[in-house]
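Notes for the structure review
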Amino acid sequence: MDHLTSYSLLNSHQSAYCKHHSTEIALLYIHDHLISAIGSQKVSCLCLLDVSAAFDTIDHDILIIRLSSWFGIHGSVLSWFKSYLSSRCFRVKCKTDLSSWYISSYGVPQGSVLGPLLFVMYTTPLSTLISSCSLNHHLYADDTQLFLSFLPTHLDSSIDHLHNALDRISSWMTANLLTLNFSKTEFLLIGFSKQLSKINNSSLTTSHSARNLGFIFDEHLTFSDQRMPWTVANGER
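Residues numbered from 1 in each chain as written. Predicted model: local features only at pLDDT ≥ 70, side-chain atom pairs only at ≥ 80, totals over all residues. Heavy atoms only, no water.

**A word on empty space enclosed by the protein**
- In total, this model carries two cavities of 30 Å³ or more according to the counting rule given.
- In this structure, the largest cavity spans a volume of roughly 60 Å³.
- Lining the largest cavity, in full, are Val51, Ala54, Phe119, Thr123, Leu126, Leu139, Ala141, Asp142, Thr144, Met173 and Leu178.
- Grouping the amino acids of the lining of the largest cavity by side-chain chemistry returns eight nonpolar, two polar and one charged.
- Forming the walls of the second largest cavity are Leu9, Leu10, Asn11, Gln14, Cys18, Phe71, Val120, Met121 and Thr124.
- Along the lines of polarity and charge, the residues of the lining of the second largest cavity split into six nonpolar, three polar and no charged. (1 Å grid on protein atoms, 1.4 Å probe; cavity = no way out; pocket = protein on both sides within 12 Å on 5 of 7 lines; lining within 4 Å. Points joined across faces, edges and corners; volume = space filled by probe spheres on them. Nonpolar A, V, L, I, M, F, W, Y, C, P; charged D, E, K, R; others polar.)

**Here we look at the sheet that holds strand 1 (residues 43–49)**
- In spatial order, the strands read 7-8-1-10; together these four strands make up an open sheet with antiparallel pairing. At either margin of the open sheet sits one strand with a lone partner, and together these are strand 7 (136–140) and strand 10 (186–190). Each strand axis lies, on average, 15° off the axis of its neighbour in the sheet, ignoring direction.
- Strand direction decides the pairing type here: strand 1 and strand 10, joined by five bridges, are antiparallel. Its bridge partner lying in strand 10, serine 44 is registered against isoleucine 190.
- On top of the sheet, helix 2 (residues 23–39) reaches strand 1, strand 7, strand 8 (143–150) and strand 10; it is set at about 15° to strand 8, its chief contact.
- Packing against the sheet, helix 7 (residues 155–175) makes contact with strand 1, strand 8 and strand 10, and its axis sits at approximately 155° to strand 8. (Pairing = 2+ DSSP bridges. Helix = DSSP H or I, 4+ residues; strand = E, 2+ residues; numbered from the N terminus. Axes fitted to C-alpha atoms, helices over the stretch in contact; angles between N-to-C directions. Contact = heavy atoms within 4.5 Å.)

**Focus: helix 3 (residues 60–69)**
- Of all the positions in helix 3, only His60, Leu63, Ile64, Arg66 and Leu67 are classed as buried. Down the axis of helix 3, the buried side of the element spans an arc of 160°, and every buried residue falls inside it. Projecting away from the buried face of helix 3 at angles above 90 degrees are the exposed residues Asp61, Ile65 and Ser69.
- Next to the buried residues of helix 3 lie helix 4 (75–85), strand 6 (102–104), helix 5 (114–122), helix 6 (124–132) and helix 7.
- The backbone nitrogen of aspartate 61 lies 3.0 Å from a side-chain oxygen of the residue at the head of helix 3, namely aspartate 59. (Buried < 20%, exposed > 50% of the residue type's maximum accessible area, 1.4 Å probe, protein only. Arc of directions from axis to C-beta. Polar contact = N/O pair within 3.5 Å; in protein donor to acceptor, adjacent residues only side chain to side chain.)

**What about the nonpolar core?**
- In terms of nonpolar packing, the biggest core is built from 50 residues, with Leu67, Leu146 and Ile169 touching the most fellow members.
- Where this core is concerned, the elements lending two or more residues are strand 1, helix 3, helix 4, helix 5, helix 6, strand 8, helix 7 and strand 10.
- No other element matches helix 7, which puts eight residues into this core.
- Excluding residues that lie within four positions of it along the chain, isoleucine 169 makes contacts with Leu49, Leu126, Leu129, Ile130 and Leu146. (Core = buried A, V, L, I, M, F, W, Y, C linked by side-chain atoms within 4.5 Å.)

**Here's the deal with the packing of aromatic side chains**
- Per the counting criterion, the structure on display carries five aromatic pairs.
- Geometrically, the ring pair formed by phenylalanine 215 and phenylalanine 223 is edge-to-face, given 6.3 Å between the ring centres and 90° between the ring planes.
- The class of phenylalanine 223 is partly exposed, set by a relative accessible area of 23%.
- An aromatic cluster of at least three residues, connected via ring pairs, comprises Phe215, Phe217 and Phe223.
- Over the aromatic face of tyrosine 122 sits the side chain of arginine 66, whose NZ or CZ is 5.2 Å from the ring centroid.
- In this structure, arginine 88 packs its charged tip against the face of tyrosine 84, placed 4.6 Å from the ring centre. (Phe/Tyr/Trp six-rings, centres within 6.5 Å; stacked < 30°, edge-to-face > 60°. Lys NZ or Arg CZ within 6 Å of the ring centre and 35° of its normal.)

Structure, rendered in structure tokens:
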């Protein structure tokens, strides 16, 4: 971490596993952008990407190359990472039955200190790709959020732009053995009722609300669908 912070190598669009960053930072960043767009009479498309079993499919060879080429890790230190990742075994238990041992060639160790950090380093190039597509975005671990603001009259061209970007993102994930789950990816169009009423025939299937890092975002940012995380019984919390 000293090496990454000293040379400013941490992804500025990633809030997970970074000091002074949290889900709160990620949510405020996105909320502030969306509120600013609404104040400019624009509509925003918020896209919440779903990546399937992301931590389990990291390719060790790609990760080692990335540690070297993107983060300047070489020599003995790189060998430590190779040793840490190699020859890890697992087996499956069903009641009293155990499978044979298998060597795990993919993924990072669950519950480890290094695992989450290695994941965010592995996916750092994704931010570079998204930025090159002229899309705003923020990540929290494997939760990737894209947002694009536009005038209602520019809906068609903006949605085409988003589709093209999603194709490039999907191709990058495939090349890096990650899987973008389109069936669970959600889209919200967010803005004033007057601005949203001007939008017709969108090629996107959108939701009126969606859960984002524990908060429920709705199309007008009222948070009216948000439920308290506790129950009230007999007048006590």
